[in-house]
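Descriptive structure summary
For reference, the chains in residue letters:
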Amino acid sequence: MYPFHYRSFTAGAVGLLAISTLGFAAEVETVISQTSVPKPPDMGLMAEERAVLSQAPLVPPPIRRNYAAKVTVELEVREVVRQLSDGVEYLFWTFGGDVPGSFIRVREGDQIEFRLHNHPTSKMPHNIDLHAVTGPGGGAASSFTAPGHTSQFSFKALNPGLYVYHCATAPVGMHVANGMYGLILVEPKAGLPSVDREYYVMQSEVYTAGRFGEEGLQAFDQEKALDERPSYIVFNGSVGSLVGDNALKAKVGETVRLYVGNGGPNAVSSFHVIGEIFDKVYQEGGVIPTQQHVQTTLVPPGGSAMVEFKLEVPGTFILVDHALFRAFNKGALGMLKVEGPSNLLVYSGKEVDAVYLGRQAESNAAGERKLASLEAQVKEAIKTDPKIAGLSKELLMEKGKRVFMQTCFACHQSEGQGLPAVFPPLAKSDYLMADKERSIRAVVKGLSGPVVVNGQPFNGVMPPVMLTDEQITHVLTYVRNSWGNSGDVVTIDEVKRVHAESANQ
Amino acid sequence: MRLLSTIATLLGAIATLQAEPARPASARIPDGCYRPLFRSESEARQIPVKAFALAVCPVTNADYLEFVRANPRWQRSQVKRLFADEGYLQHWAGDLDLGPAPDAGQRPVVFVSWFAAKAYSVWVDGRLPNTAEWEYAGAAGFTTADGSKDSEFIRAINEWYSKPSPDRLPAVSRSKPNVYGIHDLHGLVWEWTSDFNSAMVTGDARGDTGIERQLFCGAGSFNATDRANFPAFLRFGFRSSLKAAYTVHNLGFRCAWDL
């Protein structure tokens, strides 16, 4: 299907220069004769197979062979627009059509024939540097490929381990930031210890022109990239890639191995799973477990780690970069949902304790004045723009859903179902719907102490939520009209009344 | 007899008219200097660029159709594989058929090899611009000769790299012209230059490994004069991935002329 071009750069380039200065046929002959590459000698004796590739979070099955083989890897580069976050799109440059790139699994001693196809619709040339390759550039020089072309090179998997691969075409940082990274596992000859489940998780940064959450197709921001100020830090290429229905799954009693990579291009990950302790860590992607009972392991850009842990209790375990603003404000958050019987000796469940909830910040006169003037401006803008003034309920709902998915769902869950005995449900919630003003107050001022929702007692703390008045109207309109709730629109004036009452207290 | 010779002269004139293509609209690019992105120690920091004329827009499908009509050996079914790969003019419906889209003629011609672009340029009494000329003209912003200070211009360039290739290319000359009146240097298609692969071979003083280092992993740091000029890196990266017979879906060209 694709023509194969063995690239011999020096020869090709000098040959072409000759063509451009001297003219045609004789020199072209020279180029062609220089582009054939001798095959390694003993390939004919090896078994042959084609590598099974997988997209994150899945991992190809373990290799059962106890002998080396010639393995063909076919990887296609595609430049595709994908969702980065709700309402936010980005043109990703991908290995295999997805971010991170396809997971490649081979065995120590295998002879790999690697074919890199650059899709005809690509704008850019690309190549691949596999850290599992022993040789200059890790294959980059031999795989530099124009759009609509294919390159092939071969290497022997000399060293077992979990290796990052990435595009190494200039500007390298930009190619990586745009999604061009993945993992290749070279299994040791004896294999890795068998586990019940394996998953592929890779962290990376995205540098967008707009701020976090700003909607639309976002452009790459060179300034932010050079300053190492990412707008997003995510697992598996997008905010929410491992959340809700996309969460990793396992059962109590199972042992899970995560293949964790970091594409970077800049930030070191402090990889942590909230509520779990890594029984074993294969630091830096080596094949010998180097530590036991680890809370947080460092994964550098262009590096990896394998972590294994047995699941003792059910529940949702949150994967984070423990540099926490990344997790809760930039997207580096995933979930592992574990089902099975609970073990109250290992973990009892929620014990309620007394809580002190501070007042909201004291008002200060200058701040108030500024706020009042801004609000007046907003009101004026709304009045003069019929588009805004006439925002339909559906639009409010849509905007509210985004606020909910960024701010509320971590506790109240994506379908508003809450968590039994911990976070009250919003879905079909009698408490929520009984008193509109009370629901606004809960968001503006927070809510603590005992409440009864749908007959179930709760005694927790909800801190005031830092949202603009518009966002509050959006999210409450959404919540009060979703999952079996049916109510009217929450207006800015209603939110303001609650603000005023809290200022008077 | 006299009448006959007059007719003969007229016919000759018509024949000449048909064979001589109209020279595309061009604009004058004044004398200046280009700072190469890559250079070896022996190379000058700045390359002087003599004033030249540059076509105001890339060659269109309609332009190129005239060329292949007059030069059948460059038609899709006739072209030698040595000079254009199998993708050559694949977006056309036939040798002399641009397909049904009404604006197909106004779109930039793509899927053309370097050899083909060069032959076309000679046919219009011109040549391909060299990389120094192209980059020098391409550095000009909407209002000044130094576009690096023009944030609107920089934003327009960067946007193109953040969008996927459209299924159908837009027509030429629709974008805002730069200060010289040149359209589409950025944001439409890549363009061939006469010495597209010279970034690789001019560094011969350091030998082959030096060439490779410039191009691949080290390209962000090795010998580059302006490490933050990402669009220039992308253009150099693109050009150096090419061979002269390659054709690509978003690679076209424009012509230049000596003054």
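Residues numbered from 1 in each chain as written. Chains lettered and ligands numbered in written order. Predicted model: local features only at pLDDT ≥ 70, side-chain atom pairs only at ≥ 80, totals over all residues. Heavy atoms only, no water.

Concerning the overall build of chain B
- The number of helices and strands found in chain B is 8 helices and 7 strands.
- The contacts of chain B with a sequence gap of at least 6 include a subset with a gap of at least 24, amounting to 73%.
- Per element, the accessible surface of chain B, about 12000 Å² overall, is 55% carbon and sulfur. (Helix = DSSP H or I, 4+ residues; strand = E, 2+ residues; numbered from the N terminus. Contact = heavy atoms within 4.5 Å. Areas by Shrake-Rupley, 256 points an atom, 1.4 Å probe, with all protein chains shown as cover.)

Digging into helix α8 (residues 230–240) of chain B
- Of all 11 residues that make up α8 of chain B, 11 are buried, and the element is covered over most of its length.
- Along α8 of chain B, the residues classified as buried are Phe230, Pro231, Ala232, Phe233, Leu234, Arg235, Phe236, Gly237, Phe238, Arg239 and Ser240 of chain B. (Buried < 20%, exposed > 50% of the residue type's maximum accessible area, 1.4 Å probe, protein only.)

As for the sheet that holds strand β17 (residues 291–294) of chain A
All names here are of chain A.
- Strand order in the open sheet formed by 6 strands is β12-β10-β14-β19-β16-β17, and the pairing between neighbours is mixed. Both outer strands of the open sheet, β12 (232–235) and β17, are each paired with one neighbouring strand and no more. Between one strand axis and the next, the sheet turns through 25 degrees on average, direction left out of account.
- With 4 bridges joining them, strand β10 (residues 197–206) and β12 adopt antiparallel strand pairing. Directly across from Glu205, in β12, lies its bridge partner Ile233. (Pairing = 2+ DSSP bridges. Axes fitted to C-alpha atoms, helices over the stretch in contact; angles between N-to-C directions.)

Points about the environment of Ala247 of chain A
- Within the secondary structure, Ala247 of chain A is located in the loop between β12 and β13 (248–251).
- Measuring from C-alpha to C-alpha, the distance between Ala247 of chain A and Ile318 of chain A comes to 9.5 Å, with 71 residues separating the pair along the chain.

So, the packing of helix α2 (residues 61–70) of chain B against helix α3 (residues 114–123) of chain B
All names here are of chain B.
- Relative orientation of the contacting elements α2 and α3 amounts to 85 degrees, with a least axis distance of 11 Å. Classified by the interaxial angle, the pair formed by α2 and α3 is roughly perpendicular. Seen from α2, the contacting residues are Asp63, Tyr64, Glu66, Phe67 and Ala70; seen from α3, they are Ala116, Ala119, Tyr120 and Trp123.
- Along the lines of polarity and charge, the residues of the contact of α2 with α3 split into 7 nonpolar, no polar and 2 charged. (Parallel < 35°, antiparallel > 145°, perpendicular 65-115°, else oblique. Nonpolar A, V, L, I, M, F, W, Y, C, P; charged D, E, K, R; others polar.)

Comments concerning the packing of helix α8 (residues 393–412) of chain A against helix α11 (residues 469–479) of chain A
All names here are of chain A.
- Between α8 and α11, the least distance of the axes is 7 Å, while the angle of their chain directions is 100 degrees. Considering their axes alone, α8 and α11 lie roughly perpendicular with respect to each other. Of α11, the residues touching α8 (which contributes Lys393, Leu396, Met397, Lys399, Gly400, Lys401, Val403, Phe404 and Cys408) are Gln471, His474, Val475, Thr477, Tyr478 and Val479.
- Residues of the contact of α8 with α11, tallied by class, amount to 8 nonpolar, 4 polar and 3 charged.

Quick word on the nonpolar core
- Grouped together as the largest cluster of nonpolar side chains are 133 residues, with contacts concentrated most on Phe114 and Leu130 of chain A together with Tyr64, Trp74, Tyr88, Trp192 and Phe253 of chain B.
- The element that contributes the greatest number of residues to this core is α3 of chain B, accounting for 7 residues.
- Residues in contact with Trp74 of chain B, not counting those within four places in the same chain, are Phe67, Val68, Val79, Phe83, Tyr88, Leu89, Phe115, Ala116 and Ala119 of chain B.
- One finds Phe404, Cys408, Ile472 and Val495 of chain A within the second-largest nonpolar core, a separate group that totals 29 residues. (Core = buried A, V, L, I, M, F, W, Y, C linked by side-chain atoms within 4.5 Å.)

Thoughts on the packing of aromatic side chains
- Within this structure, the stated rule accounts for 32 aromatic pairs over all chains.
- Look at Tyr64 of chain B and Tyr120 of chain B: their rings are 5.8 Å apart centre to centre, the planes differ by 20 degrees, and that puts the pair in the stacked class. With a gap of 56 residues between them, Tyr64 of chain B in helix α2 and Tyr120 of chain B in helix α3 connect regions that are remote in the sequence.
- Aromatic ring contacts, followed pair by pair, group Tyr64, Phe67, Trp74, Phe83, Trp92, Trp114, Phe115, Tyr120, Trp123, Trp192, Phe196 and Phe253 of chain B into a single cluster.
- Stacked on the ring of Phe92 of chain A, the Lys or Arg Arg82 of chain A has its end atom at 5.9 Å from the ring centre. (Phe/Tyr/Trp six-rings, centres within 6.5 Å; stacked < 30°, edge-to-face > 60°. Lys NZ or Arg CZ within 6 Å of the ring centre and 35° of its normal.)

Focus: the pattern of salt bridges
- Within this structure, the stated rule accounts for 32 salt bridges over all chains.
- Residues Asp98 of chain A and Arg82 of chain A are paired through a salt bridge, measuring 2.6 Å at the closest nitrogen-oxygen approach. In this pair, Asp98 of chain A is assigned in the loop between β3 (88–95) and β4 (104–107) and Arg82 of chain A in strand β2 (residues 69–85), connecting sequence segments 16 residues apart.
- Relative accessible area serves as the criterion here: at 22%, Arg82 of chain A is assigned to the partly exposed category.
- Glu135 of chain B is the partner of Arg235 of chain B in a salt bridge, and the nearest nitrogen-oxygen pair spans 2.8 Å. A residue pair is termed long-range when its members are at least 10 positions apart, and Arg235 of chain B in helix α8 and Glu135 of chain B in helix α4 (residues 131–138) qualify at 100 residues. We note that Arg235 of chain B, like Glu135 of chain B, is buried. (Salt bridge = Lys/Arg side-chain N within 4 Å of Asp/Glu carboxyl O.)

Observations concerning the sheet that holds β4 of chain A
Residues and elements named next belong to chain A.
- The mixed open sheet is built from 4 strands, whose spatial order is β4-β9-β8-β6. At either end of the open sheet lies a strand with only one pairing partner, and these are β4 and β6 (129–130).
- In terms of strand pairing, β6 meets strand β8 (residues 161–166) through 2 bridges, oriented antiparallel. Paired with Asp129 across the strands is His166, a residue of β8.

Re the environment of Val179 of chain B
All names here are of chain B.
- Take Val179: it is sitting in the loop between α5 (151–161) and β5 (190–191).
- Of the residues examined, Val179 reaches a relative accessible area of 36% and is grouped as partly exposed.
- Considering only alpha carbons, one finds Val179 and Ile29, 150 residues apart in sequence, at a separation of 9.8 Å.
- Apart from residues no more than four positions distant in its own chain, Val179 is found in contact with Ala140, Gly141, Phe142, Thr143, Thr144 and Ala145.

Points about the confidence of the model for chain A
- Averaged over all residues, the pLDDT of chain A equals 85, while 85% of them reach at least 70.
- In this model residues 1–35 of chain A is a low-confidence stretch, pLDDT under 50, and it forms 58 contacts with partners more than four residues away in sequence or in other chains. (pLDDT = per-residue confidence, 0-100.)

Concerning the confidence of the model for chain B
Residue and element names in this part refer to chain B.
- Of all residues in chain B, 78% attain a pLDDT of 70 or more, and the chain-wide mean is 82.
- Within the model, the stretch residues 11–18 combines pLDDT values under 50 with 0 contacts to residues more than four positions away or in other chains.
- For residues 200–224, every residue scores under 50 in pLDDT, and the model assigns this stretch 53 contacts once sequence neighbours within four places are set aside.

Some points on the side chain of Arg105 of chain A
Residues and elements named next belong to chain A.
- With respect to the helices, strands and loops of the structure, Arg105 is situated in strand β4.
- Of note is the side chain of Arg105, whose polar atom sits 2.8 Å from the side chain of Glu198.
- If near-sequence neighbours (up to four positions away) are discounted, Arg105 is found in contact with Val59, Pro60, Pro61, Pro62, Ile63, Leu185, Glu187, Glu198 and Tyr259. (Polar contact = N/O pair within 3.5 Å; in protein donor to acceptor, adjacent residues only side chain to side chain.)

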